[in-house]
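Summary of the model geometry
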Amino acid sequence: MKVAIIGSGIVGLSSAYFLSNSAEVVVFERRYPLYGASGRNTGGITTMLGNKELIDLAKRSMKIYDDVQGEVNFNFLFRKDGYLKVAKNDIDMEKLEKEYYLQRSAGLKVREIDPFEIKNMIPGFNPKSVAGGFYGEGGVIFPWPVIWGYEKGCKARGAEIKPQTEVSEIVVENGEVKGLKANGEFFKADFIVNAAGAWSNEISRLAGVSLNNVVIKEEICVLESLKPFINPYILNVSNGVYLSQSARGEVVGGIVGKETNELNTSSSLDFLIRYAKGAVEMVPSLKGLSVLRQWAGVYDCSRDGMPVIGETEVKGFIQANGLGKHGMSIGPAVGELISEMILKGKSLNNFSPNRFQS
Amino acid sequence: MRLEDHPIVKFKRGKEVTIYFNGKPVKAYEGETVASALYAAGIRTFSRSFRFHRPRGFFCAIGKCSSCLMEVDGIPNIRVCKVYVRDGMRIKTQNSFPNADSDLLGFLDSIIDRFYPHGSHYKKFNRPRILREFVTKQIRGFAGAGDPPKKVFEGNASYEKIETDLAVIGGGPAGMSAAIFAARAGAKVILMDENPFLGGQLVKQTHRFFGSGRHRAGTRGIRIAEILADEIKELKNIDVRYETKVFGIYNGVVGAVERDKKLLEILPKKIVVATGAYERTLVFENNDLPGVYGAGGVQTLMNVFGIKPGNVGLIVGSGNVGLILTYQLMQAGIKVAAIVEAMPRIGGYFVHAAKVRRLGVPIYTGYTIQRAIGKKKVEAAEIVKLDEKWCAVKGTEKRIDCDFICIAIGLSPTHELLYQAGCKMRFIPELGGLVPLRNRYGETTVEGVYVAGDVAGIEEATAAMMEGRIAGIDAAIKIGYGGDEALKVREEVVRDLKEFREGPFGERIVSGLKKVSIEELQEAEA
């Protein structure tokens, strides 16, 4: 069986990793692994998501991360120091509370946390900046070794990864995929997996399948390196500001992105100003530190916030996209689902792309 | 170690103050940077390197390297070569225990590569999971430079939005000239520099310039800086912002921080990038040992702050910078043991070389530095002869006793802002590195963004000034200022610059410029 995967982000590579023991897999990457959202995010990992299906995917992904690091002998520098969701006002606290009950019923160890307790956890945190928060399982992973490790694992299992290879055509005959054309060459394929992240809509169009994911642009910056003092990953749900401290000691953070029409990764001064305000409000001791780098990334999100996973009306053309901002948290398990679907014919009603067709 | 008498420069020292270095009082003078005051007090180890914990000292003196990061008044990772002393200031070395001079982790240097080579944090101790998670936690404790801030930074942050005609980034010879010529034509200009003074690297050029009278030949660099600064003071439509660091150009909007506390959002019609250059270093054993300096760093120390870099120096590189530095050192009463030049002949002008020779400094051509010798600071250097294939000839090693080594092997353009702004760049060895494509007036491929001076290609101050004038006046013309007179002046300077480069020393530059000229590239395409 021949499987062509478009996109070498976390979803594409995880799919390739699980498939390549039993199928002939080629991963097509328009630029290079790490170019897309999987190489541009801040590595926040959590199971504290908004519904049962997503939570299950995230729980399964935590387990896969543990296994894969051992299997491929590569450290993703996954630090499980917890995930903090904080809110600035009562309305947002209520929303978090609703999520909290759901997360508890899904078996997660989540607890409400008092702002003063957060201050004990993070020296320099301003307890007056938030109304409250919830603390649960998760932490920070370094996205680059995740991708490098998966690449290493895929290659060891016989998959081929083709960087700088743009797919220009998907060949469909009688409602069935036959293969694709990339860099002017034809590749035969029984299945084509669309794991192109922010570029998924375009890839889908090549197969004549409509996909209406929202493209979101998000900006991030890195402050200078310091000895560790911020252990958990903090997300302020009221203004979208999040931050953590990397394995190198750099304070990495950003603001949850907004819908965009253009697929560009230019960064802005406006972001720096807003982020500085939001970050310093939460952790005033960050004031006066230098910004080392800033950048932007683009990712896609489905219209209902759930990933789009499954076969389309074109036989053999499979969507594996629309993961939104949870790509790193649920990507490994999405890859596993894709492989089970292709290898075992398992169907996935909850995530089916057909749910958007009226 | 402070110079008192100097034949050319008169050092005006400010009020005496006391700063505390790792708790010990150090005498300093207002107007000195923390780095230079510590240097004058004989302190050589400024920090320790991230992984190997090797001693790091004073190096570039202009905020371009990261050798001098220290904790200042509780705020970590401060480049102390860019911070001026204040009475009672508390300076602490970081990333070391108990301090940078006697760091207990210094032993890592000799052993870490044996048991934990580079990349080990990904590849080692991955199985079983418990071991991996334990090691990952431990690694984190070693990472990080500097302790988390002990107190909240006191700067009162403010914000200013500025609408103007022209934003000039960099107050060296090119930037000052651009500002003057644009302002003369009538444009409203904001001129920004990261230093508390204008002049850029001219402020340490105590020698006289060459060329024709029109190019200010015979005038010392320091004097040229004063002349330009005086003219800027006269021009009321130039708004000078000192200690202002520009960090980005976002779609024509310039972001900058003034005096570490005010954010500037500048909306100019045109931008001139004149950010200059930084020093190149050379690969040899122990090239990070305190006492190995960039030539410009030594000039800053000696000619700007009046501090002796050491007693005996070795100069690597016999270009004009190396030769001029040699006699500047000797003017200040410092011995120069030798000049080492890898090429078979001397790189700089004959007059400079002759002057150095008269003073009795040996110049070893066909030699290079093989290693710096010393434990925590330079005690000597080993030089070696090179064969025609640039390989060291065994048995020709020579030990040269010295307590500092100056690397004077050239400069690289400070190109980052241009790259970030989206200018098309090209690597041109003749111009010193990565430089932007530009048209005959210095405008890059990003409309409205001009380039002038060393950042456009390493040359020297005279050409930088002319490039600045051209960029400044062209920007003004494009905005709608100046009329026919400005057009005339612009073409005159273009002609002047062309003339200036028509000599044997201009050949290399001219051939480099051909490769980045938008007009020439378009012609080649057509």
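Placed above this text is the structure.
Please read all numbers here as calculations on a predicted model, not as lab measurements.

1. Looking at the overall build of chain A
Of the regular secondary structure elements, chain A holds eight helices and 19 strands. The C-alpha radius of gyration of chain A comes to 20 Å, within 12% of the 21 Å expected for a compact globule of 358 residues. Counting contacts in chain A only where the partners sit at least 6 residues apart, residues at least 24 apart contribute 72% of the total. Carbon and sulfur atoms form 48% of the exposed surface of chain A, whose accessible area is close to 14000 Å². Of the charged side chains in chain A, 41 are positive and 40 negative; the average position of the first set lies 3 Å away from that of the second.

2. Quick look at the environment of Val17(B)
Residue and element names in this part refer to chain B. Looking at the element boundaries, Val 17 is found in strand β1 (residues 16-21). Judged by relative accessible area, which is 2%, Val 17 ranks as buried. Sequence separation of Val 17 and Thr 444 is 427 residues, and the distance between their C-alpha atoms is 47 Å.

3. Considering the sheet that holds strand β6 (residues 75-79) of chain B
Residue and element names in this part refer to chain B. Within the open sheet, the five strands sit side by side as β2-β1-β7-β5-β6. Their pairing is mixed. Each end of this open sheet is capped by a strand with a single partner; those strands are β2 (24-29) and β6. Across the sheet, the mean angle from the axis of one strand to that of its neighbour is 40°, orientation sign disregarded. Across six bridges, the pairing between β1 and β2 is antiparallel. Within β2, the residue paired with Phe 21 across the bridge is Lys 24.

4. Digging into the packing of aromatic side chains
Evaluated as defined, the whole model comprises 25 aromatic pairs over all chains. Note on Phe74(A) and Tyr122(B): the rings are 5.5 Å apart at their centroids and 10° apart in plane angle, and the pair reads as stacked. Taken together, the positions of Phe74(A) in the loop between α2 (52-71) and β4 (83-87) and Tyr122(B) in helix α3 (residues 120-123) put the pair across two chains. By the burial criterion, Phe74(A) is buried, and Tyr122(B) matches it. Connected via pairs of aromatic rings, a cluster forms that spans Tyr17(A), Phe18(A), Tyr65(A), Phe76(A), Phe78(A) and Tyr150(A). For the cation-ring pair, Arg248(A) lies above Phe50(B), with the distance from its terminal atom to the ring centre recorded as 4.8 Å. Sitting over the ring of Tyr29(B), Arg13(B) keeps its end group 6.0 Å from the ring centre.

5. As for unusual backbone geometry
Residue and element names in this part refer to chain B. Following Phe 97, the chain continues into Pro 98 via a peptide bond in cis, with omega recorded as -5°. Mapped onto the fold, Pro 98 is located in the loop between β7 (90-92) and α2 (108-115). Between Arg 127 and Pro 128 the backbone carries a cis peptide bond, its omega angle lying at -5°. Examined against the element boundaries, Pro 128 turns out to sit in the loop between α3 and α4 (129-142). You will see that Asn 22, though not glycine, has its phi angle at about 45°, which is positive. Positive phi outside glycine occurs at Asn 251, with the angle close to 55°. By the element assignment, Asn 251 lies in the loop between β11 (244-250) and β12 (253-258).

6. Observations regarding the pattern of salt bridges
Residues and elements named next belong to chain B. Overall, the coordinates contain 57 salt bridges over all chains when judged by the stated rule. Across the pair Asp 73 and Arg 86 runs a salt bridge, and its minimum N-O distance is 2.9 Å. Of this pair, Asp 73 sits in the loop between β5 (69-72) and β6 while Arg 86 sits in the loop between β6 and β7; the two residues are 13 residues apart in sequence, bridging distant segments of the chain. A relative accessible area of 23% means that Asp 73 is categorised as partly exposed. The exposure class of Arg 86 is partly exposed, given its relative accessible area of 47%. Put simply, Lys 245 and Asp 260 hold a salt bridge, and the shortest N to O gap is 3.4 Å. Here Asp 260 lies in the loop between β12 and β13 (262-273) and Lys 245 lies in strand β11, a separation of 15 residues in the sequence. Each of the salt bridges in this network shares a partner with another, and the network as a whole consists of Glu 160, Asp 239, Arg 241, Glu 258 and Lys 262.

The rules we used
Here the residue index of a chain counts from 1 through its sequence in written order. Labels follow written order: the first chain is A, the first ligand is 1, and so on. This being a predicted model, a pLDDT of at least 70 is required before a residue's local features are given, and a value of 80 or more before pairs of side-chain atoms are given or counted; all residues contribute to the totals for chains, interfaces and linings. As a rule here, side-chain values come from all non-hydrogen atoms in the structure, and water together with hydrogens is ignored. Comment: elements are numbered from the N terminus, with helices defined as DSSP H or I runs of at least four residues and strands as E runs of at least two. C-alpha atoms define the radius of gyration, and 2.2 Å times the number of residues to the power 0.38 defines the globule rule. Any pair of residues with heavy atoms lying within 4.5 Å of one another is described as a contacting pair. Areas reported as accessible are Shrake-Rupley estimates using a 1.4 Å probe. Residue values count occlusion only from the protein chains shown. Charge counting treats Lys and Arg as positive and Asp and Glu as negative, with His and both chain ends excluded. Lysine's charge is taken at NZ, arginine's at CZ, aspartate's at CG and glutamate's at CD. For the exposure calls, accessible area comes from a 1.4 Å probe over protein chains only, and a residue counts as buried if that area is under 20% of its type's maximum, exposed if over 50%, partly exposed in between. Pairing between two strands is assigned when DSSP locates at least 2 bridges connecting them. A fitted line through C-alpha atoms serves as each axis, taken over the contacting stretch for helices, and the angle formed by two N-to-C directions is quoted from 0 to 180°. Note on aromatic pairs: the rings of Phe, Tyr and Trp (six-membered ring only in Trp) are paired at centre separations within 6.5 Å, and the planes decide the class, stacked below 30 degrees, edge-to-face beyond 60, tilted for the rest. Think of it as a cone above the ring: NZ of Lys or CZ of Arg counts as a charge over the ring if it is within 6 Å of the ring centre and within 35 degrees of the ring normal. What makes a salt bridge here is a side-chain nitrogen of Lys or Arg within 4 Å of a carboxyl oxygen of Asp or Glu, nothing more.

Shape is all these values report; function is a separate question.
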